[in-house]
Amino acid sequence: MIFLQLLFEFFKTGLFAIGGGLATVPFLYEMSDRLGWFTKEFLSDMIAISESTPGPIGVNVATYAGYAVAGIFGAVCSTIGLVAPSVITILIIGKMFDKFKNNLYVEHALYGVRPATTGMIASVALGLIGSAVLNDFNGQIQTVFASLDVRAAILFFIFLILTNKLKLHPIFYIILAGILGALLKL
């Protein structure tokens with residue numbers, strides 16, 4: 001039963017997560033609250049690991065979440081569930097592309113979807129910032145400084161600046177982050 005539930009939950013996520021892998025994260029937070037399969041802290045760890053491994057983040061997180069819930073077959077079910085809607089949609093769009101490529105309604109719908117998706121991804125980014133640099137941040141401004149993890153905030157700003165100023169390979173940043181994280185926790 002858990003395998004069908006994993007397949008179904010990740011199918012829903014894949015069906016509505018327009019905008020790539022990070023757009024799946026709000027669905028995963030909701031899944032965490034509703035089903036209790038994993039904590040939000042565990043989800044943040046899954047995202048961090050998925051960002052540091054090759055492949056699309058959404059697929060990596062789905063695979064990792066499924067594995068955490070129900071082992072290898074759970075990983076397979078959640079991964080298939082996540083990618084199946086995209087595959088089905090792309091096949092349908094591929095068949096009908098010429099008919100709808102100049103449709104004004106489709107163009108206007110995409111105009112609305114783009115900023116909405118960007119807003120969802122920005123929301124995920126803000127949530128990850130809160131969980132990465134704040135201890136038990138509950139969203140209230142007066143508690144931000146009281147709960148600030150200074151070492152994590154320093155790492156955040158170092159990598160925010162480095163990745164915008166230096167155009168180095170992401171592997172460099174991941175290795176440097178691991179080293180700095182280990183040194184700051186000593």
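Thresholds, definitions, all that
- Residues numbered from 1 in each chain as written.
- Predicted model: local features only at pLDDT ≥ 70, side-chain atom pairs only at ≥ 80, totals over all residues.
- Heavy atoms only, no water.
- Helix = DSSP H or I, 4+ residues; strand = E, 2+ residues; numbered from the N terminus.
- Buried < 20%, exposed > 50% of the residue type's maximum accessible area, 1.4 Å probe, protein only.
- Contact = heavy atoms within 4.5 Å.
- Areas by Shrake-Rupley, 256 points an atom, 1.4 Å probe, with all protein chains shown as cover.
- Arc of directions from axis to C-beta.
- Polar contact = N/O pair within 3.5 Å; in protein donor to acceptor, adjacent residues only side chain to side chain.
- Phe/Tyr/Trp six-rings, centres within 6.5 Å; stacked < 30°, edge-to-face > 60°.
- Core = buried A, V, L, I, M, F, W, Y, C linked by side-chain atoms within 4.5 Å.

(A) Seen up close, the overall build of the chain. Counting secondary structure elements, the chain contains eight helices and zero strands. Each helix and strand of the chain, ordered N terminal to C terminal, gives the series α-α-α-α-α-α-α-α. Expressed as a percentage of the 186 residues in the chain, the buried residues total 27%. Of the contacts made within the chain by residues no fewer than 6 positions apart, 48% connect residues no fewer than 24 positions apart. When the accessible area of the chain is evaluated, it comes to approximately 12,100 Å², of which 72% is carbon and sulfur surface.

(B) Local environment of helix 2 (residues 25-35). Taken together, the buried positions of helix 2 are Val25, Leu28, Tyr29, Met31 and Ser32. Viewed along the axis of helix 2, the buried residues span an arc of 160°, placing them on a single side of the element. Glycine 36 sits one or two residues past helix 2 and shows a positive phi near 65°.

(C) Region of interest: the side chain of glutamate 9. With respect to the helices and strands, the residue glutamate 9 is situated in helix 1 (residues 2-16). Residue classification places glutamate 9 among the buried residues on the basis of a relative accessible area of 5%. Separated by 2.6 Å, the side chains of glutamate 9 and arginine 34 make a polar contact. Sequence-distant contacts of glutamate 9, defined by excluding residues within four places in its chain, comprise Met31, Arg34, Leu35 and Trp37.

(D) Summary view of the packing of aromatic side chains. Per the stated rule, a full pass over the model turns up two aromatic pairs. Their ring planes at 75° and their centres at 4.7 Å tell us that phenylalanine 3 and phenylalanine 73 sit as a pair that is edge-to-face. One end of the pair, phenylalanine 3, is in helix 1; the other, phenylalanine 73, is in helix 4 (residues 57-100), with 70 residues separating them in the sequence. Residue phenylalanine 73 is classed as partly exposed on the basis of its relative accessible area, which comes to 49%. With 5.6 Å between their ring centres and 40° between their planes, phenylalanine 42 and tyrosine 64 make a pair best called tilted. Taken as a pair, phenylalanine 42 in helix 3 (residues 40-51) and tyrosine 64 in helix 4 lie far apart in primary sequence, 22 residues in all. For phenylalanine 42, a relative accessible area of 26% puts it in the partly exposed group.

(E) Quick peek at the nonpolar core. If you look at the biggest cluster of nonpolar residues, it comprises 19 residues, and the most contacted ones within it are Phe10, Leu28, Phe38 and Leu43. Mapped by element, the contributors of at least two residues to this core are helix 1, helix 2, helix 3 and helix 4. Filtering out sequence-adjacent residues up to four positions away, leucine 28 remains in contact with Phe10, Phe38, Leu43 and Val61.

Worth remembering: the numbers are spatial, not functional.
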